[in-house]
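Summary of the model geometry
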Amino acid sequence: MHFFPGGAVRQRGERYNPMDNLDNHLTPAQREAIAHRDGPLLVVAGPGSGKTAVIAHRTTRLLAAGVPARNLLVVTFTRAAAAEMKSRAEALAGRPAAGALFCTYHSLAYRILHRAEPGRRLSVLPEDAQFGILRALVHQLGLPVDEETVLTAQSEISRRANCADPAGFQPSGINREDFTRLLQGYAAEKQRRGVIDFDDLMTEAVRTLHQSLALLQRLRDQWQYLMVDEFQDTNLLQWELTRLLSEPRQNLCVVGDDDQAVYSWRGGSPDFLLDFPRVFPGCGVVKLEINHRCPAAVVKPASRLIARNTRRVEKRLQARPGSDGPAPQVLRPADSAAEATQVLQILDEGRRRGREYRDYAIIYRTHDQAHAVAQALVRAGIPCRTLGGLPNLYRRWVAQDVLAYLRLAAGDQDPALVAQIINRPNRYISRQALQAAAAGGGTLLPALAEAAGLARWQRERVVELGGHLRRLGTLTAPEAIAYVRAQIGYDDYIREYCEQKGGEVGEMLGLLAELAAGAPPVPVPAFLQQVESYGARRPETDTAEGDDAVTLVTCHRAKGLEFPVVILIGAVDGMMPHRSAETVEEERRLFYVAMTRTRAELYISAPRAREGREAKPSPFIAEAGLTDAQAPQPARAVPAGAPPGVPGLAARDDSLQPGTGVYHARYGRGRIESVDRDGGHLTVDFAGKRLSLDLQWCLHTPAFFRILPG
């Protein structure tokens, strides 16, 4: 006697037919896809349409029809997705599903190479190790080093490996000469270490199957039924591997949504999905068009938006019956600081309605957009879970240069800071001159001004730099940043650098504008202390997936996730679509992906100013039919008062004293233990829990922090 899914009991020898107990919630389209057995099948699965259920049920159906588990191969893009599909298939079919192979493309390629050469020791370079190699190479090339620069190099190398013509590849974000040198250095380092990377893994697997027809035939005989998930993100090598294995039986089922193809920067293309019916004439085509996730109030504008794309599979997307919900809200805060305050207000109001922090996702196009919001969350002590690292504008190389000027002005004598900015802008001071001046000991800048071998005009520029640093020390942080940009000439340096090296000058200058906009009007040393404090708090954001924490995530990484409430920030023209985007259609797909992550509420925030100038709302907002007429009044960066029921008065600088009672929107009542005005923070005891709070945040967010009377 055996127990089967759904609680059915059958006698030994009686074959289980999963169609007998199909979930009543499956749609007719899902049932059609599950029932398909032989021949090619394209399943176009809109957001929230239950594609994972289709793959799991179809696996079960094939097993019940007598297909041996070892003949089933299911491929997807992440190990987590592969594990989930395997788990769901086993929950439906029981032990027989355990023999099917659920894996990623890279895992599949590894298996193929191992089958080709069982004795070969394959050492695959992890992505973090690859990042480290490229970071060192970027530094050796004399290019500014930050995470974004290295990630650009990493993605361009991968994009080249997956393009049809690697020899004619044109890199983006880095000039061709530097890219060629980087590529050569990277290849040499891999050879020295005796490793291959993930792109090499795919290249070698495809090459092996072309060269070893006997191995290819054995694999075709083993994996007679193939299913591919997230097919819209397939790249050239992955498609070639899939095509080779699926012939000649063509028992290939691909599942994906061309409207969610957002990975062209790593070689992915929706063309393989769009061309599937042409490559396999007469193939089955099933469209999963019911969105079980989003309310109708979100599905309708999202569908209206994505219909603007021209090259796509036509769909009639609809919400499940009865999925009512509030209309998306378009917010127009004054700037990034006001946007951050508005996000805090949304979180606070939601908490009053019984929501938890884990219900919220803050989604953005780039990490830099989310810096102000992330900083506000950290200052407010609100737990957050970041996917892809905490947004930190201070880590960008242009910000690091400006901060180096400010650190020197504040008295930091680190020679590395002088070396960092001495030729930004160019003062024509050689590395040898710096080394010679440093060898004499003492403070580097005065020693450099007296160094032998420098021309008079070079010494004058060093002396001038010293004068600039003394002037910076008398300014507030926003004034000092503006001085570095205009008076010292850092903006001109950026323009020259971008012209020579191929960077995006608008993006670089925009980062500097956001740096200035987010700097409080405090002396430079106090601002630098806040910068260090923010960096030191980053580990506090590393919460586990199940913790009660707000999720911060880019549009790209949000794909496949869902949340009760989504707050899409920075929805302005130039960011969405991004000013450096090659195609508007993929940018529109990113906006569509972000909108369709919500299960209930959607907020879209389009600040009226960004990067120090007026900003227009993203055109995607109007394309979705969400106009300013639906937008509430813009938030102010400093709320006038507290929400109803919050006790106390707004904090003033003279009211923040040890022993003073305070109220925090999250932690409740507490008492100030100490105030460090130079360091920019205060320590508060909340019923035995001691927390360090940002001083400026306490002074400027009365909606969340109050002084209690008495």
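Refer to the structure presented above.
All values derive from a computational prediction rather than experimental measurement.

**Considering the sheet that holds strand E7 (residues 252-256)**
- The six strands lie next to each other as E5-E4-E6-E7-E3-E8, forming an open sheet whose pairing is parallel. Each having just a single partner strand, strand E5 (101-104) and strand E8 (284-288) make up the two edges of the open sheet. Neighbour-to-neighbour, the strand axes of this sheet turn through a mean angle of 15°, independent of strand direction.
- Two strands pair when backbone bridges link them, and strand E6 (residues 225-228) and E7 are joined in this way by three bridges, in the parallel orientation. By the bridge assignment, Leu-226 is partnered in E7 with Leu-252.

**Details of the pairing of strand E16 (residues 598-605)**
- Burial runs high along E16: six of the eight residues are buried.
- In this structure, strand E15 (residues 563-568) lies alongside E16, joined through five bridges in parallel fashion. Bridge pairing in E16 links Phe-563 to Thr-598.

**Focus on the nonpolar core**
- Residues Leu-406, Leu-472, Ile-494 and Phe-527 are the most contacted members of the largest nonpolar core, which totals 99 residues.
- Take this core: its biggest share by element is 10 residues, from helix H16 (residues 397-409).

**Things to note about the environment of Thr-627**
- In this fold, Thr-627 is placed in the loop between helix H27 (619-623) and strand E19 (649-650).
- For Thr-627, a relative accessible area of 38% translates into the label partly exposed.
- Taking the C-alpha atoms as reference points, Thr-627 and Val-330, 297 residues apart in sequence, are found 7.5 Å from one another.

**Some words on the environment of Thr-683**
- With respect to the helices and strands, the residue Thr-683 is situated in strand E22 (residues 681-686).
- Spatially, the C-alpha atoms of Thr-683 and Leu-693 are 6.3 Å apart, while their sequence positions differ by 10 residues.

**Quick look at the packing of helix H1 (residues 28-35) against helix H2 (residues 51-64)**
- Between H1 and H2, whose axes approach to 8 Å, the crossing angle comes to 40°. Relative to H2, the element H1 lies oblique. In this structure, H1 crosses over H2, and the sense of that crossing is right-handed. Residues Gln-30, Ala-33, Ile-34 and Ala-35 of H1 form the contact with H2, whose own contacting residues are Val-54, His-57, Arg-58 and Arg-61.
- Per-class residue counts for the contact of H1 with H2 are four nonpolar, two polar and two charged.

**Considering the packing of aromatic side chains**
- One pass over the full model with this rule turns up 15 aromatic pairs.
- A centroid spacing of 5.7 Å and a plane angle of 65° characterise the contact between Phe-77 and Tyr-105, whose relative ring orientation is edge-to-face. Taken together, the residues span a long stretch of sequence, with Phe-77 in the loop between strand E4 (72-76) and helix H3 (79-93) and Tyr-105 in helix H4 (residues 105-116) at a distance of 28 residues.
- Geometrically, the ring pair formed by Trp-239 and Phe-280 is edge-to-face, given 6.3 Å between the ring centres and 85° between the ring planes. Of this pair, Trp-239 sits in helix H10 (residues 236-246) while Phe-280 sits in the loop between helix H12 (276-279) and E8, and the two are 41 residues apart along the sequence.
- Looking at Phe-280, the relative accessible area reads 2%, which means it is buried.
- Through pairs of rings, three or more aromatic residues link up here, namely Phe-231, Trp-239, Phe-272, Phe-276 and Phe-280.
- Looking at Arg-266, its charged tip hangs above the ring of Tyr-263, at a distance of 3.9 Å from the centre.
- One residue, Arg-351, lies across the ring of Tyr-357, its end atom 3.9 Å from the ring centre.

**Observations regarding H2**
- Taking 1.5 Å as the rise per residue, H2 with 14 residues should run 20 Å; its terminal C-alpha atoms sit 20 Å apart, in good agreement.
- The buried fraction of H2 is high, at 13 of 14 residues.
- Gly-66 occupies a position one or two residues after H2 and carries a positive phi of about 100°.

**Notes on the packing of helix H21 (residues 477-486) against helix H23 (residues 505-517)**
- Interhelical geometry of H21 versus H23 gives an angle of 155° and a closest axis separation of 9 Å. Taken together, the axes of H21 and H23 lie roughly antiparallel to each other. Every residue of H23 that contacts H21 at Pro-478, Ile-481 and Arg-485 is listed here: Leu-509, Leu-512, Ala-513, Leu-515 and Ala-516.
- Tallied by class, residues from the contact of H21 with H23 come to seven nonpolar, no polar and one charged.

**Quick notes on empty space enclosed by the protein**
- Scanning the entire structure with this criterion turns up four cavities of 30 Å³ or more.
- If you add up the space inside the largest cavity, you get close to 60 Å³.
- Lining the largest cavity we find 13 residues, and of these Pro-47, Asn-291, Val-299, Leu-317 and Tyr-592 sit closest to its centre.
- Every element with two or more residues in the lining of the largest cavity is listed here: strand E9 (290-291) and helix H13 (296-306).
- Here the residues of the lining of the largest cavity sort into seven nonpolar, five polar and one charged.

**Re the layout of surface pockets**
- One number sums up the size of the second largest pocket: a volume of about 990 Å³.
- Gly-142, Leu-143, Ala-419, Gln-420 and Arg-424 are, among the 28 residues lining the second largest pocket, the residues nearest its centre.
- When contributions to the lining of the second largest pocket are tallied by element, the ones reaching two or more residues are helix H5 (127-140), H16, helix H17 (415-421), helix H18 (431-439) and helix H22 (490-501).
- Sort the elements by how many residues they give to the lining of the second largest pocket and H22 lands first, with five residues.
- Looking at the lining of the second largest pocket, its residues break down into 12 nonpolar, nine polar and seven charged.

Cut-offs and rules
- Residues numbered from 1 in each chain as written.
- Predicted model: local features only at pLDDT ≥ 70, side-chain atom pairs only at ≥ 80, totals over all residues.
- Heavy atoms only, no water.
- Pairing = 2+ DSSP bridges.
- Helix = DSSP H or I, 4+ residues; strand = E, 2+ residues; numbered from the N terminus.
- Axes fitted to C-alpha atoms, helices over the stretch in contact; angles between N-to-C directions.
- Buried < 20%, exposed > 50% of the residue type's maximum accessible area, 1.4 Å probe, protein only.
- Core = buried A, V, L, I, M, F, W, Y, C linked by side-chain atoms within 4.5 Å.
- Parallel < 35°, antiparallel > 145°, perpendicular 65-115°, else oblique.
- Left-handed = near helix turned anticlockwise from the far one by under 90°.
- Contact = heavy atoms within 4.5 Å.
- Nonpolar A, V, L, I, M, F, W, Y, C, P; charged D, E, K, R; others polar.
- Phe/Tyr/Trp six-rings, centres within 6.5 Å; stacked < 30°, edge-to-face > 60°.
- Lys NZ or Arg CZ within 6 Å of the ring centre and 35° of its normal.
- Expected span 1.5 Å × (residues − 1).
- 1 Å grid on protein atoms, 1.4 Å probe; cavity = no way out; pocket = protein on both sides within 12 Å on 5 of 7 lines; lining within 4 Å.
- Points joined across faces, edges and corners; volume = space filled by probe spheres on them.

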